[in-house]
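# Structural features, examined
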Amino acid sequence: FEAKEKSLDEWFETLKDSRSSIRSMASIKIAELHDKDGKGDEIISRLMKLLVLEDVHERRAAVQALGMIGEKVLPPLIDELLKTDDRLVRASCAKAIGAVALKNPELLPDFPQGALDGMKKAILDIPDPV
């Protein structure tokens, strides 16, 4: 099965689709495009903005795309995890950090200490962290 070529904006729109398989395909495509044409930072920023959404399906699709992008999303996720007061955003950041580990098993032996420290700080220092 070959996905129809879409623009980056169209793939982001597809994250809103009611069908989980279509949202998953959009997450994969966005992750694949994250460094194409130097748009990596823009894509990460756009995905981070979706972590505040009430729509659980679109938010989960953003979490999965962030996880597929990998290690480079950890600094903004940790920063947001530690600075936000929004429990939903904290939970999404924690899930995205977990998705990085799950989708990039080669990182597990030496998972970035900053990510582990950020999770530990969130658990110990933030009342009701997630």
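In case you missed it, the structure is sitting above this.
Residues numbered from 1 in each chain as written. Predicted model: local features only at pLDDT ≥ 70, side-chain atom pairs only at ≥ 80, totals over all residues. Heavy atoms only, no water.

Further remarks concern the packing of helix α5 (residues 74-83) against helix α7 (residues 113-125). When two helices pack together, their arrangement is captured by the angle between the axes and the distance separating the axes. Running from N to C, α5 and α7 point in directions that differ by 10 degrees, and their axes come no closer than 10 Å. The angle between α5 and α7 falls in the class roughly parallel. You can see that α5 and α7 cross each other, and the crossing is left-handed. For the pair α5 and α7, the contacting residues are Leu 74, Ile 78, Leu 81 and Leu 82 in the first and Gly 114, Ala 115, Gly 118, Met 119, Lys 121 and Ala 122 in the second. (Axes fitted to C-alpha atoms, helices over the stretch in contact; angles between N-to-C directions. Helix = DSSP H or I, 4+ residues; strand = E, 2+ residues; numbered from the N terminus. Parallel < 35°, antiparallel > 145°, perpendicular 65-115°, else oblique. Left-handed = near helix turned anticlockwise from the far one by under 90°. Contact = heavy atoms within 4.5 Å.)

With that settled, consider α7. Given a rise of 1.5 Å per residue, 13 residues ought to cover 18 Å, and the 17 Å separating the end C-alpha atoms of α7 matches this to within 8%. Within α7 the residues assigned to the buried category are Ala 115, Gly 118 and Ala 122. Buried residues of α7, viewed axially, fall in a sector of 60 degrees; they line one side. Opposite the buried face of α7, by more than 90 degrees, sit the exposed residues Lys 120, Ile 123 and Leu 124. Of the surrounding elements, those touching the buried residues of α7 are α5 and α6 (87-103). (Expected span 1.5 Å × (residues − 1). Buried < 20%, exposed > 50% of the residue type's maximum accessible area, 1.4 Å probe, protein only. Arc of directions from axis to C-beta.)

Turning to the environment of Asp 79, a few remarks are in order. Structurally, Asp 79 is set in helix α5. In this structure Asp 79 comes out as partly exposed when scored by relative accessible area, which is 45%. When the C-alpha positions of Asp 79 and Leu 107 are compared, they lie 20 Å apart, and in sequence the two are 28 residues distant.

With that settled, consider the environment of Cys 93. Take Cys 93: it is sitting in helix α6. By relative accessible area, which is 0% here, Cys 93 ends up buried. Taking the C-alpha atoms as reference points, Cys 93 and Val 63, 30 residues apart in sequence, are found 7.7 Å from one another.

Taken as a whole and judged by the stated rule, the model has 0 aromatic pairs. The ring of Trp 11 carries the charged tip of Lys 6 above its face, separated from the ring centre by 4.9 Å. Here the basic side chain of Arg 46 rests over the ring of Phe 12, its NZ or CZ set 3.9 Å away from the ring centre. (Phe/Tyr/Trp six-rings, centres within 6.5 Å; stacked < 30°, edge-to-face > 60°. Lys NZ or Arg CZ within 6 Å of the ring centre and 35° of its normal.)

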